[in-house]
Amino acid sequence: MGTTHRSGVFKKTNDSVRLILTTIIGVVFGFFIGASFPPVSLYKIHLPSSLRSSLDVATSNDKDFFIVRPDTTRDNLPKIHVPTNPRGAESLPPGIVVPQSDLYLRRLWGDPNEDLKKKPKYLLTFTVGIDQMKNIDACVRKFTEDFQILLFHYDGRTTEWDQLEWSKNAIHVSVRKQTKWWYAKRFLHPDVVAPYEYIFIWDEDLGVEHFNAERYMELIKKHGLEISQPGLEPNNGLTWQMTKRRGDREVHTVVTDEKPGWCSDPHLPPCAAFVEIMAPVFSREAWRCVWHMIQNDLVHGWGLDFALRRCVEPAHEKIGVVDSQWIIHKVIPSLGNQGKSEDGKRPWEGVRKRCKEEWSMFQNRLANADKAYLAQFGKG
């Protein structure tokens, strides 16, 4: 009996040892197996509603949930450095980098590839107040669906424009008492407007009874004009002879009948390589240069027209006026009236004074920049 008892005890002891050893070996084996695989991340997956309902999984209001993907993790991301990527994006693979944007309007639903029935080729911008809504309506109707319309509102009033059908598909930017060059510097960055072949930056007081947008585009392409404007009706708001409409030609790039002393060099402004800032049209290549020349604090743009020739070459051939498609400058000082009365002067007088001061400041900055550049090479 005693022998039998001792045998049972040994058997139980051996079984216990075997169980313990098996457990230890299993744990060790499992550790090494687990260590041989990288940790996994959770990725958010959005399933179709029909499949979601069948799974009956709801972890949030829109029934998103997570599944395991072992192929990409924080630890095994590829080490990327692409110095040719845009600044700040060097660590991204080039295939995911989108360096430019656009102003295309998109839906909140559906396939993104089907958002746009037609992509506008050109961008038309006006800086507007509500008092000129009727005139802007007449202007916009001269342009086709090839043009994206962008309105900058200096009076803060945008709701009233909804009564115009085209306005519902336009882009509206509203900041009170700012000029078109202030808007242009901040909202028309070359990488934002890059999809558009040409950019129109027009005032709100232009008459377009004799203007056809499609024909205008044909002419500037035909004559290779990188910077242009429509000719101006001679009897309305004319400042420079260069921008006056000539009735015997399609376009002109040079004039010789400016004020005495102004045309000492027939290839220089204001006798050539010159358009006014009232109604300029820029190719996207020219605009990329011009945008960088606009000063953040010089909001009226005076003097910019004399410097446009720096952005195209040869300027006396690629900057010009389209005579056969002309406009009328109505000379309505609407933005000037947004100024402030000071020292007994009317609002528009203060605005005009600043315009002249900015012109002088811009000229000085440009001259100093030239000198600083040339000094690097021992010139100047």
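Residues numbered from 1 in each chain as written. Predicted model: local features only at pLDDT ≥ 70, side-chain atom pairs only at ≥ 80, totals over all residues. Heavy atoms only, no water.

## Re the layout of surface pockets
Part 1 of the reasoning: Quantified by volume, the largest pocket comes out at close to 1,000 Å³.
Part 2 of the reasoning: In terms of residue count, helix α9 (residues 347-375) provides more of the lining of the largest pocket than any other element does, 5 residues in total.
Part 3 of the reasoning: Within the lining of the largest pocket, the residues separate by chemical class into 16 nonpolar, 9 polar and 7 charged.
Part 4 of the reasoning: Of the volumes computed, that of the second largest pocket is approximately 690 Å³.
Part 5 of the reasoning: If you trace the second largest pocket, you find 22 residues lining it, with Pro-120, Glu-145, Phe-147, Gln-148 and Asn-169 closest to the centre.
Part 6 of the reasoning: Per-element tally for the lining of the second largest pocket: the top contributor is strand β4 (residues 147-153), with 3 residues.
Part 7 of the reasoning: Looking at the lining of the second largest pocket, its residues break down into 10 nonpolar, 3 polar and 9 charged. (1 Å grid on protein atoms, 1.4 Å probe; cavity = no way out; pocket = protein on both sides within 12 Å on 5 of 7 lines; lining within 4 Å. Points joined across faces, edges and corners; volume = space filled by probe spheres on them. Helix = DSSP H or I, 4+ residues; strand = E, 2+ residues; numbered from the N terminus. Nonpolar A, V, L, I, M, F, W, Y, C, P; charged D, E, K, R; others polar.)

## Regarding the state of the cysteines
Part 1 of the reasoning: Enumeration according to the criterion identifies 2 disulfides in this entry.
Part 2 of the reasoning: Put simply, Cys-263 and Cys-271 are joined by a disulfide, and their sulfur atoms are 1.7 Å apart. With the S-S dihedral at roughly -95°, the linkage between Cys-263 and Cys-271 falls on the left-handed side.
Part 3 of the reasoning: With relative accessibility at 26%, the residue Cys-263 sits in the partly exposed group.
Part 4 of the reasoning: The disulfide bridge from Cys-289 ends at Cys-311, spanning 2.0 Å between sulfur atoms. Across the disulfide from Cys-289 to Cys-311, rotation about the S-S bond amounts to roughly -70°, and the bridge is consequently left-handed. With Cys-289 in helix α6 (residues 284-293) and Cys-311 in the loop between α7 (304-307) and α8 (315-318), the pair connects residues that are 22 residues apart, well separated along the chain. (Disulfide = S-S within 2.5 Å. Buried < 20%, exposed > 50% of the residue type's maximum accessible area, 1.4 Å probe, protein only.)

## Considering empty space enclosed by the protein
Part 1 of the reasoning: All told, the structure shown has 1 cavity of 30 Å³ or more when counted by the stated rule.
Part 2 of the reasoning: Along its surface, the largest cavity is lined by Trp-181, Met-293, Ile-294, Gln-295, Leu-298, Gly-301, Trp-302, Gly-303, Leu-304 and Phe-362.
Part 3 of the reasoning: For the lining of the largest cavity, the residue count by class is 7 nonpolar, 3 polar and no charged.

## So, the confidence of the model for the protein
Part 1 of the reasoning: Here the protein averages 85 in pLDDT, and 79% of its residues register 70 or above.
Part 2 of the reasoning: The model gives residues 1-12 a pLDDT under 50, and that stretch makes 0 contacts with residues more than four places away or in other chains.
Part 3 of the reasoning: In this model residues 37-71 is a low-confidence stretch, pLDDT under 50, and it forms 43 contacts with partners more than four residues away in sequence or in other chains. (pLDDT = per-residue confidence, 0-100. Contact = heavy atoms within 4.5 Å.)

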